[in-house]
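# Architecture at a glance
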Amino acid sequence: MTTSFPTQADRNMITYPRALNHIGLTVPDIYPAIDWYSEVLGFTLLMGPRVLDAGEQNEKRAAVIMGPRFRKAYQAQLMTANGVGLELFQYVDPAVVPYAPDLNMEYWRQGYWHLCYTDPNVEALLEKIVATGGKQRTPVFPMIPGKPYRLAYAEDPFGNVFEVLSHSFAEAWANWPQPGMDWPVTLVNRDGTETTMSNPAIPRTERQP
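Quick look at the structure, then. Remember, it's a predicted structure, so these values are computed and weren't measured experimentally.

Across its full length, the protein carries 5 helices and 11 strands. Here the analysis covers contacts within the protein between residues at least 6 apart in sequence; of these, 54% occur between residues at least 24 apart. Total accessible area on the protein is roughly 13700 Å²; 56% of this is exposed by carbon and sulfur atoms.

Of the voids in this model, the largest pocket is the one considered here, and its volume is about 720 Å³. As for the largest pocket, its lining consists of 23 residues, and the residues nearest its centre are N82, L115, C116, Y117 and T118. With 4 residues, the top contributor of residues to the lining of the largest pocket is strand β5 (residues 115–118). Residue composition of the lining of the largest pocket, by class: 15 nonpolar, 6 polar and 2 charged. Taken as a whole, the second largest pocket holds about 570 Å³ of empty space. Together, 20 residues line the second largest pocket, and T26, Y99, N104, G159 and N160 are the ones closest to its centre. Classifying every residue of the lining of the second largest pocket gives 13 nonpolar, 5 polar and 2 charged.

With that out of the way, let us pick up the pairing of strand β9 (residues 161–165). Two faces, one strand: in a regular strand the side chains alternate between the faces of the sheet. When you tally the buried positions in β9, you get 5 out of 5 residues, the bulk of the element. The alternating pattern of β9 places V161, E163 and L165 and F162 and V164 on opposite faces, both of which are buried. The sheet contact formed by strand β8 (residues 150–155) and β9 spans 5 bridges and is antiparallel. In the sheet register, L151 faces β9, and the bridge partner there is L165. Between β8 and β9, which pair antiparallel and follow one another directly, the connecting turn spans 5 residues, one of which, G159, has a positive phi of 90 degrees.

A word on the packing of aromatic side chains. The way to describe two aromatic rings as a pair is by their centre distance and the angle between their planes. The full count for this structure, using the stated rule, is 8 aromatic pairs. Considering the side-chain rings of Y37 and F43, the 5.9 Å spacing of their centres and the 25 degrees angle between planes classify their relative orientation as stacked. This pair shows no difference in class: Y37 is buried, exactly as F43 is. Their ring planes at 5 degrees and their centres at 5.8 Å tell us that W113 and Y153 sit as a pair that is stacked.

In this section: unusual backbone geometry. Following G48, the chain continues into P49 via a peptide bond in cis, with omega recorded as 5 degrees. When you line up the elements, P49 lands in strand β2 (residues 44–53). The peptide bond linking D93 to P94 adopts the cis configuration, its omega dihedral lying at 0 degrees. Its place among the elements puts P94 in the loop between β4 (85–93) and β5.

Right, let's talk about the environment of F169 for a bit. The topology assignment puts F169 in helix α5 (residues 169–173). What makes F169 exposed here is its relative accessible area of 65%.

An order of β1-β4-β3-β2 is seen for the 4 strands of this open sheet, with the pairing classed as mixed. The open sheet terminates on both sides in strands that have one partner only, identified here as β1 (22–26) and β2. Sheet twist, expressed as the mean angle between neighbouring strand axes with direction ignored, is 20 degrees. With 7 bridges connecting them, β2 and strand β3 (residues 72–79) associate as antiparallel partners. Bridging across to β3, M47 finds its partner in Q77. This element, helix α2 (residues 30–39), spans β1, β2, β3 and β4 of the sheet and lies at about 10 degrees to β3.

The rules behind these values
- Residues numbered from 1 in each chain as written.
- Predicted model: local features only at pLDDT ≥ 70, side-chain atom pairs only at ≥ 80, totals over all residues.
- Heavy atoms only, no water.
- Helix = DSSP H or I, 4+ residues; strand = E, 2+ residues; numbered from the N terminus.
- Contact = heavy atoms within 4.5 Å.
- Areas by Shrake-Rupley, 256 points an atom, 1.4 Å probe, with all protein chains shown as cover.
- 1 Å grid on protein atoms, 1.4 Å probe; cavity = no way out; pocket = protein on both sides within 12 Å on 5 of 7 lines; lining within 4 Å.
- Points joined across faces, edges and corners; volume = space filled by probe spheres on them.
- Nonpolar A, V, L, I, M, F, W, Y, C, P; charged D, E, K, R; others polar.
- Buried < 20%, exposed > 50% of the residue type's maximum accessible area, 1.4 Å probe, protein only.
- Pairing = 2+ DSSP bridges.
- Phe/Tyr/Trp six-rings, centres within 6.5 Å; stacked < 30°, edge-to-face > 60°.
- Axes fitted to C-alpha atoms, helices over the stretch in contact; angles between N-to-C directions.

Functional significance is not addressed by these values, which are geometric in nature.
What follows is the structure in structure tokens.
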């Protein structure tokens, strides 16, 4: 019997769920940012801050990544409770542009517009955020009647917007729509049409793919 092993081309075609490795965040001052994320959100500092200098041989890749304007930055690596990295950057040359409070949540622009952190006590974390120079942007919202899921939006002292969610991503979203939802749920189909579900608790297998 001949055993057939997958070729490199076969392996390249395999789709599997990748892990989120880290998120890069620009801040105006690296040390206060390290302190805030360590003391308020409990993240672990793994490395830095170190200097990234476009003129240094070992950091030539930074100039390639950032482009010709880049000359110098400070970088630190922190880690969340579930092992996702938070990579903080303070750009020195060119310098960080201060955020405008009325423009720091541009959700209509393509790309990133917020992060989300999990904390079972949303209210307590919001109090700590505000007490340490951050901002609570929204009230605490219940997600589903009869469910314990709660969320709110806030920002760090440096203007970066994030969400606080009381439960894990999988628990909150894996069985959507969930029993207890007392409003119509409309799904968008691949052809652009929309389907409104009269019973939000219809099992996933009965929905249009």
